[in-house]
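Inside the fold
These are the residues of each chain, in order.
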Amino acid sequence: MTRGHAAFSGLFLTSTWPVLVLAFLAGLFSATALPPWSFPLGIFGFSVLFVLIYQTKTIKKGALIVWVFSFGYHLFGLQWISNALLIDSEKFAWLLPFSLMGIPALLAIIPSLIMPILCKILIPPFWFPVLASTLWTLSEYLRGHIFSGFPWNLPAYMLSFSDSILQTASLVGVYGLSWLLMLFAAGPTLLFTRELWSRHYYRVFIPLLLLIPLALWFYGTNRLDKNPTELDSNYIVRLVQGNIPQKEKWAPEFRLRNIEKYIALSKIQDAQHSQKATFKTPNLIIWPETAIPGLIATDDDLRNWIGHLLKKEMQLITGAPSLSQTDTNQPLNSVFVLSADRKITHRYDKSHLVPFGEYVPFRGWLPFPKLVTKFPDFKAGPGLASIKLPKVGYISPLVCFEVIFPGKVIMADAETRPSLLINLTNDAWFGKSAGPYQHLEHARLRAIEEGIPLIRVANTGISATFDPLGRKLSEIALGETGYVDQDLIKPLRSKTLYTKIGDSIYLLITTLIISVTVLGKLFFNSRSFKFH
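Figured I'd write up the structure that's included with this text. Keep in mind that this is a model prediction, so the values were computed, not measured.

**Concerning the overall build of the chain**
- Check the secondary structure of the chain and you find 18 helices and 12 strands.
- Taking 2.2 N^0.38 as the reference for a compact globule, 532 residues should give roughly 24 Å; the C-alpha atoms of the chain span a radius of gyration of 25 Å, in line with that estimate.
- When the backbone C-alpha atoms are referred to their principal axes, the chain occupies close to 80 × 55 × 40 Å.
- Long-range contacts, defined here as pairs at least 24 residues apart, represent 72% of the contacts in the chain between residues at least 6 apart.
- For the chain, the computed accessible surface area is about 22400 Å², with 64% contributed by carbon and sulfur atoms.
- Charged side chains in the chain number 49 positive and 35 negative. The centres of these two groups are separated by 10 Å.

This is the structure in structure tokens:
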């Protein structure tokens, strides 16, 4: 870096407002790397953030930079949430400022409380990318766990454009992969150090950081080559996407028509949407979350009407509301397995509810209504379940955003380890926006982490199937009505490392890096830990 360049950058970076504007634009730009845009260069928006923090010497200014960056990142990445308020705009339009601006503002608080420590702590320049990536990913980990958790749009999802690079999630999970990506993105801070130009060994660090994506790609490509997709052609699963508009989903006048639509799509005998040259009757039919706008558990006539479409040994998995067995006034968001003899053989009650969608947290303090107004606050089920189906084995049913939580999609019991993840959802709330695409990619990562195939069935899309390495096998696009028949996908023969130890590697790396930093401050001369 020349003296003139250094002087100019120093003058620019010491001015508050230009830096905050740059941080905001960098946050917006970084979000373009997320699905559905998947613009890889957006990753370097984080590089701008890390450089700004590296050049900042006060906690207050550092907190502002991080908050503004994170606000821009979530503003662009989560703007689709506001679409849900437009379904019933007369009741919810007044909440638009909160959803559009308030949610990003709140989410930005967590990293702004953690990252500014980098502005004061004295560490060698080569250690800055390591610590910066660790602290940022730690803030993401906390976001995914505190209160009810919201691990949406973690940095690793920026890598959705590459099946190969995503394979590392099978080892270290989405948080470990996020840390590696942030380590790579923080590398450009070394270009702003004097040591890069005065000490030759500093120049080694940049090539090492550049090797990160290359190493991940080689590992992933090898893993994909060694694990071809395995299918059971003797067992057919039909995914049905009714594409029911949210305004009509619970309207009494459309109730029967909506159910008839799902029945009709389930009865079609046509090889056009099949992987076979000739039609083969499905063994299992799957409808999405709350596809049945009625109490199928207690309404015998409704259950018999729907069950007549099932031939011998066929089964239907569908979402439907139900009532608590202990409090009949409290609804649950449930998944039912219906057999050909019209009996409910299994049931799962959603255990991780959507705040402000299915219940209002801190209801006594917050004046906000919930979006699902047809019911009182939903009750959470007891937890994850493994349901055993003939010829399939165990399945793990997941409703809506339950699938976005890494390490929390299957039961810990090895005896009931599922061979299939089934995610029922309804993304009609969000229209043709970025939300359904992001939701799909979040679900795909769970298949890679666990080494278990995923079938995702949505009301309006995107319905899709993925093999245990996250390769997409079939899809019904957003906003389309239809079905697809999929041969049963087999899981990996052995557990992934992530399944065995979860986030242990990521947490160990985080603990070691923070410990080394603290010990370095305690036991080494502070002069060797100064920025230059």
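Next comes the rest of the description.
**Topic: the packing of helix H8 (residues 128-143) against helix H10 (residues 169-186)**
- It is at 8 Å that the axes of H8 and H10 come closest, and there the two elements cross at 140°. In the packing of H8 onto H10, the handedness of the crossing is right-handed. Across the interface between the two elements, Pro 129, Val 130, Ser 133, Thr 134, Trp 136, Thr 137, Glu 140 and Tyr 141 from H8 touch Tyr 175, Ser 178, Trp 179, Met 182, Leu 183 and Ala 186 from H10.
- The class makeup of the residues in the contact of H8 with H10 is 9 nonpolar, 4 polar and 1 charged.

**Considering the sheet that holds strand S3 (residues 315-323)**
- The strand order S5-S4-S3-S2-S1-S12 describes an open sheet built from 6 strands, whose pairing is mixed. Of all strands in the sheet, those with a lone pairing partner are strand S5 (344-349) and strand S12 (482-489), marking the two edges. On average, each strand axis in the sheet is tilted by 30° relative to the strand beside it, whichever way the strands run.
- Pairing of strand S1 (residues 231-241) with strand S2 (residues 284-286) involves 3 bridges; the strand directions are parallel.

**Thoughts on the sheet that holds strand S7 (residues 393-399)**
- The strand order across the open sheet formed by 6 strands is S6-S7-S8-S9-S10-S11, and the pairing between neighbours is mixed. Single-partner strands in this sheet number two, and they are strand S6 (387-389) and strand S11 (472-476). On average, each strand axis in the sheet is tilted by 20° relative to the strand beside it, whichever way the strands run.
- Here strand S9 (residues 454-458) pairs with strand S10 (residues 463-466) via 3 bridges, running antiparallel.

**Some details on the pattern of salt bridges**
- Applying the stated rule across the entire model yields 12 salt bridges.
- Note that Arg 238 is salt-bridged to Asp 485, the shortest N-O span being 2.7 Å. With Arg 238 in strand S1 and Asp 485 in strand S12, this residue pair connects regions lying 247 residues apart in the sequence.
- On the basis of relative accessibility, which here comes to 2%, the residue Asp 485 falls in the buried class.
- Residue Arg 303 is joined to Asp 300 by a salt bridge in which the shortest nitrogen-to-oxygen separation is 2.5 Å. Remark: Asp 300 and Arg 303 occur in helix H15 (residues 300-307); sequence separation between them is 3 residues, near one turn of the helix.
- Classification of Arg 303 as buried rests on a relative accessible area of 13%.

**Looking at helix H3 (residues 44-54)**
- Most of H3 is tucked away, with 9 of its 11 residues classed as buried.
- By the burial criterion, the buried members of H3 are Gly 45, Phe 46, Ser 47, Leu 49, Phe 50, Val 51, Leu 52, Ile 53 and Tyr 54.

Here is what the cut-offs are and how they apply
- Residues numbered from 1 in each chain as written.
- Predicted model: local features only at pLDDT ≥ 70, side-chain atom pairs only at ≥ 80, totals over all residues.
- Heavy atoms only, no water.
- Helix = DSSP H or I, 4+ residues; strand = E, 2+ residues; numbered from the N terminus.
- Rg over C-alpha atoms; globule rule 2.2 N^0.38 Å.
- Contact = heavy atoms within 4.5 Å.
- Areas by Shrake-Rupley, 256 points an atom, 1.4 Å probe, with all protein chains shown as cover.
- Lys, Arg positive; Asp, Glu negative; His and termini not counted.
- Charge placed at Lys NZ, Arg CZ, Asp CG, Glu CD.
- Axes fitted to C-alpha atoms, helices over the stretch in contact; angles between N-to-C directions.
- Left-handed = near helix turned anticlockwise from the far one by under 90°.
- Nonpolar A, V, L, I, M, F, W, Y, C, P; charged D, E, K, R; others polar.
- Pairing = 2+ DSSP bridges.
- Salt bridge = Lys/Arg side-chain N within 4 Å of Asp/Glu carboxyl O.
- Buried < 20%, exposed > 50% of the residue type's maximum accessible area, 1.4 Å probe, protein only.

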